[in-house]
Amino acid sequence: MADLPVHTIVFEILTRVPAKDVGRSKSVCKQWYALLSTQDFVRIHCSRSLVSSNQRVLLIDDLTCFVRPIISKSNDYGPSSIVIFPFHHQNNDVSILSHLNGLLCVCLNHTYELLLWNPTTTAFKRLSTPVSHGFYINNLDAVGLNVDADDDYKVLHLKRRSGVLGVYVYSREVDSWRNIPFITRQRVPMPTFCGGTLFFTVCECWLGGTKRVICFDVNSEQFKEISFPPVPSIGMVQGVLVNVKNELHMFASTGMFEMTIDLWTLQGDYWIKVLSCPLIPRYHCHCGAI
């Protein structure tokens, strides 16, 4: 290996090893530290980690956090390893709000603070400021972690205070928050990041309520609306967005006495139906004591 160029070792070999080994390799020398810290390395390493044999799940208990590998052949978990929280926390205190490329945006429930945290390297960054940026309130706010074309990791924070909705963007590169205009006053759920865009559903469940999808382009920092999949407005209507191999999909459910669930995929600004599930009787969807 001593005869191999450093660039080959870093980008052809170390991009294929587990993240913990990458962290240890940073201590070899200043040159390796610099190369292993570049966004090019992070991007390549993340893309090569997205295979079934490398998938991990992070679980947070009351005071404990641990990681377990996913065994794809049996859909089971492998042995767990403990992850130490690098920041002060209380019992049942840490909530994961968004994740991207191994980076987590979490909230400390007792202080409402937002943090960026890398469980592999244990590095973390508090996003709260003296002017009340970076504080999250459950059921009022929504947070989306994203990365732009310049590899700057950002946090989009939609927060409602005293009935007023404010939208703010945190840049990790600049290390600051700034306000941007938004296009709706309605409450939105947590977004889904896909293809350089954060997607939100605005779905009022009652008959005839608003149904639409709001898109936030992380490079232009502009919002726009696209239509909801053409599902019937019968009874309750809900949409759940998922990113499958960098393609946006939605599970759309409709119905009152019977529920229909369809899977749609977004092609451009139009939705294409992928599959339909059989009708589900209402009593199968109800959770409660008998």
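We now turn to the structure provided with this report. Fair warning: this is a prediction, and the values are worked out from it, not measured in the lab. (Residues numbered from 1 in each chain as written. Predicted model: local features only at pLDDT ≥ 70, side-chain atom pairs only at ≥ 80, totals over all residues. Heavy atoms only, no water.)

In this section: helix 1 (residues 6-13). Of all the positions in helix 1, only Ile9, Val10 and Phe11 are classed as buried. The buried residues of helix 1 all sit within an arc of 165° when viewed along its axis, so they share a single face. (Buried < 20%, exposed > 50% of the residue type's maximum accessible area, 1.4 Å probe, protein only. Helix = DSSP H or I, 4+ residues; strand = E, 2+ residues; numbered from the N terminus. Arc of directions from axis to C-beta.)

As a further point, take the sheet that holds strand 10 (residues 153-161). Read from one edge of the open sheet, four strands run 9-10-11-12, paired in antiparallel fashion. In the strand order of this sheet, the two ends are held by strand 9 (142-147) and strand 12 (176-179), each with one partner. Neighbouring strand axes in the sheet, compared pairwise and without regard to direction, differ in orientation by 25° on average. Pairing of strand 10 with strand 11 (residues 164-171) involves eight bridges; the strand directions are antiparallel. When the sheet's bridge partners are listed, arginine 161 is paired in strand 11 with valine 164. (Pairing = 2+ DSSP bridges. Axes fitted to C-alpha atoms, helices over the stretch in contact; angles between N-to-C directions.)

The four strands lie next to each other as 13-14-15-16, forming an open sheet whose pairing is antiparallel. Bordering the open sheet on either side are strand 13 (192-194) and strand 16 (222-227), each of which pairs with just one other strand. Strand after strand, the sheet turns through a mean of 30° between neighbouring axes, direction not considered.

Once that is clear, we can look at the environment of valine 213. Along the chain, valine 213 turns up in strand 15 (residues 211-217). Contact partners of valine 213, with chain neighbours within four places excluded, come to Phe199, Phe200, Lys224, Glu225, Ile226, Ser227, Phe228, Met250 and Trp271. (Contact = heavy atoms within 4.5 Å.)

Direction of pairing for strand 19 (residues 258-267) relative to strand 20 (residues 270-276): antiparallel, over a ladder of six bridges. Bridging across to strand 20, leucine 263 finds its partner in leucine 275. Once strand 19 ends, the chain turns through two residues before running back antiparallel as strand 20, passing glycine 268 with a positive phi of about 70°.

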